[in-house]
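A look at the structure
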Amino acid sequence: MHQKKIITKGKALNEAEKALVMIHGRGAFAEDILSLAGYFDVKDYALLAPQATNNTWYPYSFLAPPQQNEPWLSSALDILKQVEADILAAGIPSHNIYFLGFSQGACLMLEFITRYAQKWGGAVAFTGGLVGDKIYKENYSGDFLQMPLFIGSSDPDMHVPVERVQETVTVLKNMHADVTVKIYPGMGHTISTDEIEKANTLIFK
């Protein structure tokens, strides 16, 4: 099971008006994703990055049947729920809470916000999609109420098929998220300067 270990940067929670939860990818560290913060217009935000046990949120591909990734997947989702609760307890309202993830972290983030859909401040998924061997629509409820959401991904990508990105976008739009998706031909499994620009103009504006 994941232990709750949160690395922070930026403003203190009790001093900030906005918070950004940043979720690292497989094999990475919370510090890695936090190091990207300087590229985003979030200097007045409290930044919180949970650390996955053994640097991995769940053991298998996000395209595996969900039960194969249990109990780690549920534990990871619970960590994000705890982080959200901590932010709310500090007095920051839901509409000022933002989410960002890369790769496995983007998949986990998208799964979390779609299971508990509401109008957060916004979300950025760098190469990710909803979790499972198929889309399990029964897992998702709520209404994003036009929350802005940006998804960027490569075609092809070694881990995240474009088809799953598009299926994810369909679910998000049906739940009234204001989704912008951009597929970058041959970008590779990375984060591009254009994606950073899109995140700033669409989400952190």
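Up top is the structure these notes are about.
Residues numbered from 1 in each chain as written. Predicted model: local features only at pLDDT ≥ 70, side-chain atom pairs only at ≥ 80, totals over all residues. Heavy atoms only, no water.

**Remarks on the nonpolar core**
Which entries qualify depends on this criterion: Here the nonpolar core consists of buried residues drawn from Ala, Val, Leu, Ile, Met, Phe, Trp, Tyr and Cys, with membership extended through side-chain atoms lying within 4.5 Å. Think of it in three bands: residues with accessible area under 20% of the maximum for their type are buried, residues over 50% are exposed, and the middle band is partly exposed, with areas taken using a 1.4 Å probe on protein chains only. Here a helix means four or more residues in a row that DSSP labels H or I, a strand means two or more in a row labelled E, and each is numbered from the N terminus.
Formed by 47 residues in total, the largest nonpolar core has its most connected members in Phe-99, Leu-110, Ile-113 and Phe-144. Those elements that place two or more of their residues in this core are strand S2 (18-23), strand S3 (45-50), helix H2 (72-89), strand S4 (97-102), helix H3 (104-115), strand S5 (122-126), strand S6 (148-155) and helix H4 (162-174). Ile-33, Ala-37, Phe-40 and Val-124 belong to the second-largest nonpolar core, a separate cluster that totals 24 residues.

**Structural notes on the packing of H2 against H3**
Heads up, the rule is: To get an axis, fit a line to the C-alpha atoms, keeping to the stretch in contact for a helix; angles then go from 0 to 180 degrees between the N-to-C directions. Should an angle lie under 35 degrees it is considered roughly parallel, over 145 roughly antiparallel, and from 65 to 115 roughly perpendicular; all remaining angles are considered oblique. Crossing handedness: left-handed means the near helix sits turned counterclockwise from the far one by under a right angle, and right-handed means the same turn made clockwise. Any two residues whose heavy atoms approach within 4.5 Å are treated as being in contact. Charged means Asp, Glu, Lys or Arg here, nonpolar means Ala, Val, Leu, Ile, Met, Phe, Trp, Tyr, Cys or Pro, and polar covers whatever is left, Gly included.
Contact pair H2 / H3: the axes reach a minimum separation of 10 Å and the direction vectors enclose 65°. Classified by the angle between their axes, H2 and H3 sit roughly perpendicular to one another. The crossing of H2 and H3 is right-handed. Contacts between H2 and H3 involve Leu-73, Ala-76, Leu-77, Leu-80, Lys-81 and Glu-84 from the first element and Leu-108, Met-109, Glu-111, Phe-112 and Arg-115 from the second. The residue inventory of the contact of H2 with H3, partitioned by class, reads seven nonpolar, no polar and four charged.

**Here's the deal with the packing of aromatic side chains**
Cut-off, in case you're wondering: Working definition: a ring pair exists when centres of Phe, Tyr or Trp rings (six-membered ring for Trp) sit within 6.5 Å. Plane angles under 30 degrees give stacked, over 60 give edge-to-face, the rest tilted.
Using the criterion set out here, one finds nine aromatic pairs in the structure. Relative to Phe-126, the ring of Phe-40 lies with its centre 6.1 Å away and its plane at 20°, an arrangement referred to as stacked. Here Phe-40, found in the loop between helix H1 (30-34) and S3, pairs with Phe-126, found in strand S5; they are 86 residues apart in sequence, far enough to count as distant. Each member of the pair, Phe-40 as well as Phe-126, carries the same accessibility label: buried. In textbook terms, an aromatic cluster arises when at least three aromatic residues are bridged by ring pairs, as seen for Phe-40, Tyr-45, Tyr-98, Phe-126 and Phe-204.

**Brief notes about the layout of surface pockets**
Let me state the cut-off plainly: Using a 1 Å grid laid over the protein atoms alone, points where a 1.4 Å probe fits but cannot get out form a cavity; open sets with protein on both sides within 12 Å along at least 5 of 7 lines form a pocket; any residue with an atom within 4 Å of a point counts as lining. Grid points are joined across faces, edges and corners, and a volume is the space filled by probe spheres set on the points.
Of the volumes computed, that of the largest pocket is approximately 220 Å³. Tallied by class, the residues present in the lining of the largest pocket amount to six nonpolar, six polar and one charged.

**Regarding the sheet that holds S6**
Our working definition: A pair of strands is treated as paired once DSSP finds two or more bridges between them.
Judged by pairing direction, the sheet is mixed, and its seven strands sit side by side in the order S1-S3-S2-S4-S5-S6-S7 without closing on themselves. If you trace the sheet from one side to the other, it starts and ends with strand S1 (6-10) and strand S7 (178-185), each paired once. Direction aside, neighbouring strands of the sheet carry axes that sit 15° apart on average. In this structure, S1 lies alongside S3, joined through five bridges in antiparallel fashion. Pairing of Thr-8 across the sheet is with Leu-48, part of S3. Packed onto the sheet, H2 meets S1, S2, S3 and S4 and runs at close to 165° relative to S2.

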